[in-house]
Amino acid sequence: MASEQSTNQSVEKAASVLAAFLDGRALRVSDVAKYAGLGQSTASRLLATLESLEYVERDPASNLYRLGPALLTLAGVAINQHPVHREARQAAQLLAGSLGLGVNVAVRHGSSLFYLCNFEGRLAPKSFTLMGQRNPLHATGIGKCLLLALTPAERRELLPDLHRYTPRTICDHDELDAALDLAAHRGYATEVEELALGRSCVAAPILDQSGSIVAALSISGPLSALGLADGEPELASTVIEVADSISVGLGYLGPRHAPASQYHP
């Protein structure tokens with residue numbers, strides 16, 4: 001029993017070391033120790049073990065550590081096993097290329113959304129990829145679509161506090177309910193500078209064989225490039241059409257747009 005507990009603690013410590021790199025920076029041993037709450041000698045020993053397994057790698061010139069190639073292999077296997085990613089990847093990539101905007105596919109993991117796909121268009125370039133990253137549900141169009149799978153009571157339990165990211169972030173549950181009711185009625189959700197100033201998106205839910213919302217697709221980009229005030233109906237029609245095609249690929253055979261009541265089981 002003691003041996004099993006020790007093994008579990010070792011795994012937890014190794015996981016905390018890897019989690020120290022999630023913000024994308026290369027780190028010193030002391031940085032990792034501080035983030036993981038470990039002694040420097042323990043952090044150094046764990047990093048050496050992880051380096052031997054290629055889960056981290058060390059720059060010989062700076063002695064800074066970064067995540068290693070073995071994690072890329074695991075991440076590639078994990079993402080390619082996901083049915084939504086397999087069905088949505090090509091459609092999302094083609095859409096980004098044709099519109100010149102960003103196209104994202106995400107699922108809900110707990111109280112945040114988790115990106116499965118992220119493709120950049122020429123009008124919405126970024127210096128990083130969103131795939132594998134998380135964002136808030138209430139402050140994004142894609143997150144609002146995912147929240148349609150929950151009742152108002154379930155949403156309040158999941159998100160008791162709605163964090164403010166910009167002056168336009170919805171931080172009141174009654175206001176969020178109204179926005180989601182409108183999204184359910186229209187079949188798409190929008191977000192204008194609610195997560196970051198100068199950015200916006202329009203999104204639609206993706207349904208599985210049972211008709212449940214399992215993911216969502218968004219078109220996103222700079223406010224000036226997306227032009228939601230003038231182009232929302234056209235972009236909304238596009239995002240709904242592509243999301244519907246992905247839903248059909250996942251086995252959804254119901255009506256093209258489920259009634260609003262189906263978005264609130």
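Structure: above.
So, here's what we can say about the structure. (Residues numbered from 1 in each chain as written. Predicted model: local features only at pLDDT ≥ 70, side-chain atom pairs only at ≥ 80, totals over all residues. Heavy atoms only, no water.)

### Focus: the sheet that holds strand S7 (residues 199-207)
Argument step 1. Pairing is antiparallel in the open sheet, where six strands are placed in the order S5-S4-S3-S8-S7-S6. Each edge of the open sheet carries a strand with a single partner, namely strand S5 (134-136) and strand S6 (189-192). Across the sheet, the mean angle from the axis of one strand to that of its neighbour is 35°, orientation sign disregarded.
Argument step 2. Bridge count between S7 and strand S8 (residues 213-222): nine bridges; the pairing is antiparallel. Across the sheet, residue Pro-205 finds its bridge partner in S8, namely Ala-216. (Pairing = 2+ DSSP bridges. Helix = DSSP H or I, 4+ residues; strand = E, 2+ residues; numbered from the N terminus. Axes fitted to C-alpha atoms, helices over the stretch in contact; angles between N-to-C directions.)

### Considerations on the pairing of S6
Argument step 1. Pairing of S6 with S7 involves four bridges; the strand directions are antiparallel. Bridging from a neighbouring strand, Thr-190 pairs with Val-202 of S7.
Argument step 2. Joining the antiparallel neighbours S6 and S7 is a turn of six residues, in which Glu-193 adopts a positive phi near 55°.

### Remarks on the environment of Ala-153
Argument step 1. With respect to the helices and strands, the residue Ala-153 is situated in helix H7 (residues 152-158).
Argument step 2. Considered as a pair, Ala-153 and His-173 are 20 residues apart in the sequence and their alpha carbons are 9.9 Å apart.

### Regarding the packing of helix H2 (residues 29-36) against helix H3 (residues 40-52)
Argument step 1. Relative to each other, H2 and H3 sit at 110°, their axes nearing to 9 Å. Between H2 and H3, the interaxial angle falls into the category roughly perpendicular. Judged by residue contacts, Val-29, Ser-30, Val-32 and Ala-33 of H2 engage Gln-40, Ala-43, Ser-44 and Leu-47 from H3.
Argument step 2. Classifying every residue of the contact of H2 with H3 by side-chain character gives five nonpolar, three polar and no charged. (Parallel < 35°, antiparallel > 145°, perpendicular 65-115°, else oblique. Contact = heavy atoms within 4.5 Å. Nonpolar A, V, L, I, M, F, W, Y, C, P; charged D, E, K, R; others polar.)

### Here we look at the side chain of His-138
Argument step 1. Looking at the secondary structure, you find His-138 in the loop between S5 and helix H6 (141-147).
Argument step 2. Look at His-138 and you get buried, because its relative accessible area is 4%.
Argument step 3. Polar side-chain contacts of His-138 include one of 2.8 Å to the backbone oxygen of His-163.
Argument step 4. Not counting the four nearest positions on each side in its chain, His-138 is found in contact with Lys-144, Leu-147, Leu-162, His-163, Tyr-165, Thr-169, Ile-170, Leu-176 and Glu-194. (Buried < 20%, exposed > 50% of the residue type's maximum accessible area, 1.4 Å probe, protein only. Polar contact = N/O pair within 3.5 Å; in protein donor to acceptor, adjacent residues only side chain to side chain.)

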